[in-house]
Amino acid sequence: MQSHNSTARSYFCSQELLNRAQNVLAGGVSSEFRKFSTPHPLFYERASGARLWDVDGNEYLDFTLSQGPLILGHSHPQVLKAVTTASQNGQLFAGQHLQELELAETLQRLIPGAELMRFSLSGSECDHAALRLARAATGRDKFVRFEGHYHGWFDNVAYGVTGPSVEALGDRENPTLHPWTQGLPDRIGDEMIVLPWNDLELLEKVVSERHQEIAAIITEPVMCNNGCIPPQPGFLEGIRALCDKYGLVFILDEVITGFRLGLGGAQEFFGVTPDLGIFGKAMASGYPIAVLCGKKTFGADNRPLMQMIADGQVIHAGTMNSCNPCVAAALATIEVLEGENVHPRLFELGQAFMEGLRTAARETGHDDFLVQGLGPMFNVQWTPLSEVRDYRDTLAGDKAKLGRFITLMAERGVRVIGRGLFYLSAAHTSADIQAGIAAARAVLEQMKSESSASISTREAALPQQDETADVLTPGAASLEARREVAI
Ligand SMILES: Cc1ncc(COP(=O)(O)O)c(C=O)c1O
């Protein structure tokens, strides 16, 4: 195994393949977020447990876990076996199968609000279906979403994901909407009311004034896509109460928190049951499956909700939905998570990791290094704030420092998501956590000595590629830069 010392790594083969890929894959990648790797998009060859290897033979201790799904680590044998067996029995029936039923029954048992459900391939699809369903169930068009949250890449949620600066976001009560991409119809911005997160007073005010237009409130339970920010005490409960009071649908987007905070997701962890929940990522160890699950009926007058899909009033469909290997992967993943009681260990390792990073930062003179999160996932950033509570707060962070940290960690063979997010898996050991802390300490020391050198020396030390490319870019004018916020 390569140590996590800084060694001059070569990325020659990846670079060659990337050059080739750029002739056939748009931007050389299959998802926008993969463009922003350091030193450039890399090609990987294999992965096992907590590690993966690129085509140049570089080894990485992996805290990205493929953006979250690999909660058991890479290539878990029980998952691979289940997928193989299921595939040998056929791949897709365009019909029902027993394992699909067993998975649904398992989810119903584990997830508090999962009375009825439908499987899709991705979180984006389920978010889309949830909003359609909420509109149908309430007869209202708009929904409330929060600044900096990510609910997939579809049109109806492509405003409010990012913004170049606090000034550009404008008034808290009536924020300026920034499109995340070109190609959005003008009217799409009218479908949503975007608000800063974690501000219950503001939310109550807006909902009490405008509830007759609003079908749903959608939120990540922990703001994982920007800063790994926990909800303020009472915030999720407050959303629940508002939805009950005004007959709105409460949609909890658990694509990240699902199976990561526990088997019942954030709704079990925080003790707040939404009307609809969306799970994906960690449910199936990297196989494409997501679920929209929720109550048959909702509100004081028991209006139909998931029942509308059951009755065919609201359409949900998909050729590949609940294909055999994906269902088998989900069943096997959940079986291991449940059988081996993985979550307490994830929290323990995560807490030790966060504490170790805080100590390393303190001892290397990085007083503005903030570590925030719950353990199974957490975030690091340089900020003058002692607590980050919403997207606007994240814009106070020093993105250049974060970018340098991510680059130097990768050079030491530790792979971290560009926006400072760490994910832990059942495959990580205490030794891996100590290795991560040691690498971070060395990087923090290096950054300190760089910052005390002259500015020109520091600039000369920067790599050719834009090392801030996978992080938030405050003040960035271009769409390209603003798109880098999530995932
Ligand atoms: C909270 C949240 N919702 C939805 C999505 C979209 O899921 P997918 O990438 O599977 O479409 C993501 C993806 O990262 C997410 O983090």
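Provided above is the structure to which this section pertains.
Residues numbered from 1 in each chain as written. Predicted model: local features only at pLDDT ≥ 70, side-chain atom pairs only at ≥ 80, totals over all residues.

S.K.: Please explain the overall build of the chain as it appears in this structure.
M.R.: From N to C terminus, the chain includes 16 helices and 16 strands. Relative to its length of 487 residues, the chain is compact, with a C-alpha radius of gyration of 22 Å against a globular reference of 23 Å. With the C-alpha coordinates aligned to their principal axes, the bounding extent of the chain is approximately 65 × 55 × 45 Å. By residue count, 51% of the 487 residues in the chain fall in the buried class. Partitioning the contacts of the chain with sequence separation of at least 6, the portion at a separation of at least 24 is 74%. (Helix = DSSP H or I, 4+ residues; strand = E, 2+ residues; numbered from the N terminus. Rg over C-alpha atoms; globule rule 2.2 N^0.38 Å. Buried ≥ 20, exposed ≤ 12 C-beta atoms within 10 Å, placed from the backbone. Contact = placed C-beta atoms within 7 Å.)

S.K.: What is the right way to look at the packing of helix 2 (residues 77-88) against helix 10 (residues 324-339) in this model?
M.R.: Packed helices, taken two at a time, are described by their axes: the angle between them and the distance between them. Packing of helix 2 against helix 10 leaves a shortest axis separation of 8 Å and a crossing angle of 150°. Here helix 2 is positioned roughly antiparallel relative to helix 10, judged by the angle of their axes. Helix 2 and helix 10 meet at a crossing whose hand is right-handed. Every residue of helix 10 that contacts helix 2 at Gln-78, Val-79, Ala-82, Val-83, Thr-85, Ala-86 and Ser-87 is listed here: Asn-324, Pro-325, Val-327, Ala-328, Ala-329, Leu-331, Ala-332, Thr-333 and Val-336. Each residue belonging to the contact of helix 2 with helix 10 can be placed in one class, and the counts come to 11 nonpolar, five polar and no charged. (Axes fitted to C-alpha atoms, helices over the stretch in contact; angles between N-to-C directions. Parallel < 35°, antiparallel > 145°, perpendicular 65-115°, else oblique. Left-handed = near helix turned anticlockwise from the far one by under 90°. Nonpolar A, V, L, I, M, F, W, Y, C, P; charged D, E, K, R; others polar.)

S.K.: Just to check I follow, could you spell out the sheet that holds strand 4 (residues 116-120) for this structure?
M.R.: Backbone-to-backbone hydrogen bonds pair the strands of a sheet. The strands run either parallel or antiparallel. Taking strand neighbours across the sheet as the criterion, the seven strands line up as 4-10-9-8-7-5-6 in an open arrangement whose pairing is mixed. The open sheet has two free edges, formed respectively by strand 4 and strand 6 (192-195), since each of these has just one partner strand. This sheet shows a mean twist of 20° between the axes of neighbouring strands, independent of strand direction. Bridge analysis of strand 5 (residues 142-146) against strand 7 (residues 214-219) gives three bridges, and the strand direction is parallel. The residue bridging Val-144 from the neighbouring strand is Ile-217, located in strand 7. Its contacts with the sheet put helix 4 (residues 123-138) on strand 4, strand 5, strand 7, strand 8 (249-254), strand 9 (276-279) and strand 10 (290-294), and the angle it makes with strand 10 is roughly 25°. (Pairing = 2+ DSSP bridges.)

S.K.: Is there a simple way to think about the packing of helix 13 (residues 399-411) against helix 14 (residues 430-452) in this case?
M.R.: At their nearest, the axes of helix 13 and helix 14 sit 10 Å apart, and the two run at 130° to each other. Looking at the two axes, helix 13 sits oblique to helix 14. The two elements helix 13 and helix 14 meet at a crossing, and its hand is right-handed. Counting all contacts with helix 13, which are made through Lys-401, Arg-404, Phe-405, Leu-408 and Met-409, the residues of helix 14 involved are Ala-439, Ala-440, Val-443, Gln-446 and Met-447. Of the residues contributing to the contact of helix 13 with helix 14, the split by class is seven nonpolar, one polar and two charged.

S.K.: How do you make sense of unusual backbone geometry when you look at a structure like this?
M.R.: Excluding glycine, most residues fall at negative phi; most peptide bonds, likewise, are trans. The amide bond that connects Thr-38 to the next residue, Pro-39, takes the cis arrangement and shows omega of 0°. By the secondary structure assignment, Pro-39 is in the loop between helix 1 (12-21) and strand 1 (44-48). Look at Cys-228: it is not a glycine, yet its phi comes out positive at around 50°. In this fold, Cys-228 is placed in the loop between strand 7 and helix 7 (235-246).

S.K.: I keep staring at the site of the ligand and nothing clicks. Help me out?
M.R.: The full set close to the ligand counts 15 residues, and Ser-122, Gly-123, Ser-124, Gly-152 and Val-255 are the nearest of them. Across the shell around the ligand, the residue classes break down as five nonpolar, seven polar and three charged. (Near = placed C-beta within 6 Å.)

S.K.: For this particular structure, what's the right way to read helix 2?
M.R.: Turn by turn, an α-helix covers 3.6 residues, leaving residues three or four places apart pointing in a common direction. For helix 2, which comprises 12 residues, the first-to-last C-alpha distance of 16 Å matches the rise-based estimate of 16 Å (1.5 Å per residue) to within 8%. The set of residues buried in helix 2 consists of Val-79, Ala-82, Val-83 and Ala-86. Around the axis of helix 2, the buried residues are gathered within 100° of arc, so they sit on the same side. More than 90 degrees from the buried face of helix 2, the exposed residues found are Pro-77, Lys-81, Thr-84 and Gln-88. Lining the buried residues of helix 2 we find helix 3 (98-110) and helix 10. (Expected span 1.5 Å × (residues − 1). Arc of directions from axis to C-beta.)

S.K.: So what exactly am I meant to see when it comes to the sheet that holds strand 16 (residues 421-423) here?
M.R.: Read across the sheet, three strands follow the order 13-14-16 without closing on themselves; strand pairing throughout is antiparallel. The sheet terminates laterally at strand 13 (369-373) and strand 16, the two strands that pair on one side only. Sheet twist, expressed as the average angle between the axes of neighbouring strands with direction ignored, equals 20°. Looking at chain direction, strand 14 (residues 377-382) and strand 16 are connected through three bridges and run antiparallel. Its bridge partner lying in strand 16, Asn-379 is registered against Leu-421. On top of the sheet, helix 11 (residues 342-363) reaches strand 13, strand 14 and strand 16; it is set at about 170° to strand 13, its chief contact.

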